[in-house]
Amino acid sequence: GAVVSQHPSRVICKSGTSVKIECRSLDFQATTMFWYRQFPKKSLMLMATSNEGSKATYEQGVEKDKFLINHASLTLSTLTVTSAHPEDSSFYICSAIWTEQFFGPGTRLTVL
Amino acid sequence: KQEVTQIPAALSVPEGENLVLNCSFTDSAIYNLQWFRQDPGKGLTSLLLIQSSQREQTSGRLNASLDKSSGRSTLYIAASQPGDSATYLCAATGGATNKLIFGTGTLLAVQP
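Residue positions are given per chain, counting from 1 as you read along its sequence in written order. Lettering for chains starts from A, numbering for ligands starts from 1, and both go in the order in which the items are written. With pLDDT at 70 or above as the cut-off, local features in this predicted model cover only qualifying residues; side-chain atom pairs require 80 or more to be listed or tallied, and sums for whole chains, interfaces and linings still use all residues. In computing side-chain properties, one takes all heavy atoms of the structure into account and sets aside hydrogens as well as water.

## Focus: the sheet that holds strand β6 (residues 56-59) of chain B
Residue and element names in this part refer to chain B. Two strands make a pair as long as DSSP finds a minimum of two bridges between them. Secondary structure is summarised from DSSP: a helix means a run of H or I of at least four residues, a strand means a run of E of at least two, and numbering begins at the N terminus for each. Judged by pairing direction, the sheet is antiparallel, and its 5 strands sit side by side in the order β1-β3-β8-β7-β6 without closing on themselves. Every other strand in the sheet has two partners, leaving β1 (4-7) and β6 as the edge strands with one partner each. Between one strand axis and the next, the sheet turns by 15° as a mean value, whatever way the strands run. When β1 meets strand β3 (residues 19-25), the two strands line up antiparallel, connected through 4 bridges. Within the sheet, the bridge partner assigned to V4 lies in β3 and is F25. Inter-axis angles, ranging from 0 to 180 degrees, are taken between N-to-C directions of lines fitted to C-alpha atoms, where helices are fitted over the stretch in contact.

This is the structure we're talking about:
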């Protein structure tokens, strides 16, 4: 099956710093990738749709200046959490579309 | 706006028991419905995907059904095993956007 990777798997940062998370489709090309956020013991909430070569589409309530998404190639999308605060601590998961949506293993972000 | 809910939120069963997890969605105009498994701190593993034109899918001990008219899907797990312990999520895809709307999840514990 198709493989999607995320890097890093875990990151701890200080409040006010920016953190970049990478999502890669390893064995297929994806014009569309999605970014989700998951709070503890909660379900996944779609944050934004990442389209290769164009601007991301953000869901209602998601700050686009806070969560910067770049989809510069058909195999890589990045999510940058800018000026991170403790409330941004969460589990971030990406997915990429091929025959269906394939999910990455997630990135645990902890902001101190 | 599509809303997906799952009942029960948590379930504990003895090993060997058959069980059913329930998923309800408010908008019957779905493209497909998918069941996922999530282990603690991990990403998602796709279990079964049911297209809107299908009524059920089977994989090993798992059987998923879809009734669009009533807005319901069920995941049947036969002869449960401790290794089945995980959170099970259902997700509906609406229209051509490929956006997945996730349910609230069911935390399953299979006791040895």
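From this point, things continue past the structure.
## As for the interface of chain B and chain A
The contact definition used throughout considers only heavy atoms, calling two residues in contact when any of these lie within 4.5 Å. Counting residues at the interface gives 17 residues for chain B, matched by 17 residues for chain A. In this assembly, chain B packs against chain A so that about 1,200 Å² is buried in total across both faces, 57% of it on carbon and sulfur atoms. Here the quantity called buried area is the accessible surface, traced with a 1.4 Å probe, that two parts lose on coming together, added over both. Considering only the side of chain B, the residues that lose the most area to chain A are L44(B), K99(B) and F102(B), jointly responsible for 34% of the buried surface there. The salt bridge criterion pairs a side-chain nitrogen of Lys or Arg with a carboxyl oxygen of Asp or Glu, the two atoms within 4 Å. E59(A) is the salt-bridge partner of K99(B), the closest N and O atoms lying 2.8 Å from each other. Polar contact criterion, stated in full: a pair of N or O atoms within 3.5 Å, where within protein one must be able to donate a hydrogen and the other to accept it, and residues adjacent in sequence count only if both atoms are side-chain atoms. Our enumeration of links across chain B and chain A arrives at 6 residue pairs in polar contact (both at pLDDT 80 or more). Counting residues per element, the ones that place at least two in the side of chain B that touches chain A are β4 (30-38), β5 (44-51) and β10 (100-102) of chain B. Three residue categories are used. Nonpolar comprises Ala, Val, Leu, Ile, Met, Phe, Trp, Tyr, Cys and Pro, charged comprises Asp, Glu, Lys and Arg, and polar comprises the others, including Gly. Of the residues contributing to the side of chain B that touches chain A, the split by class is 6 nonpolar, 9 polar and 2 charged.

## Comments concerning the environment of S25(A)
All names here are of chain A. Note on placement: S25 falls in strand β3 (residues 19-25). Under the scheme applied here, a residue whose accessible area is under 20% of the maximum for its type counts as buried, over 50% as exposed, and between as partly exposed, the area being computed with a 1.4 Å probe on protein chains only. Taking the relative accessible area as the measure of exposure, S25 reaches 3% and is therefore buried. Residues S25 and G104 lie 79 residues apart in sequence; the distance between their C-alpha atoms is 8.7 Å. Ignoring anything within four residues of it in the chain, the contact list for S25 reads V3, A30, M33, L74, T75 and A96. Of the polar contacts made by the side chain of S25, one reaches the backbone oxygen of F28; its length is 2.7 Å.

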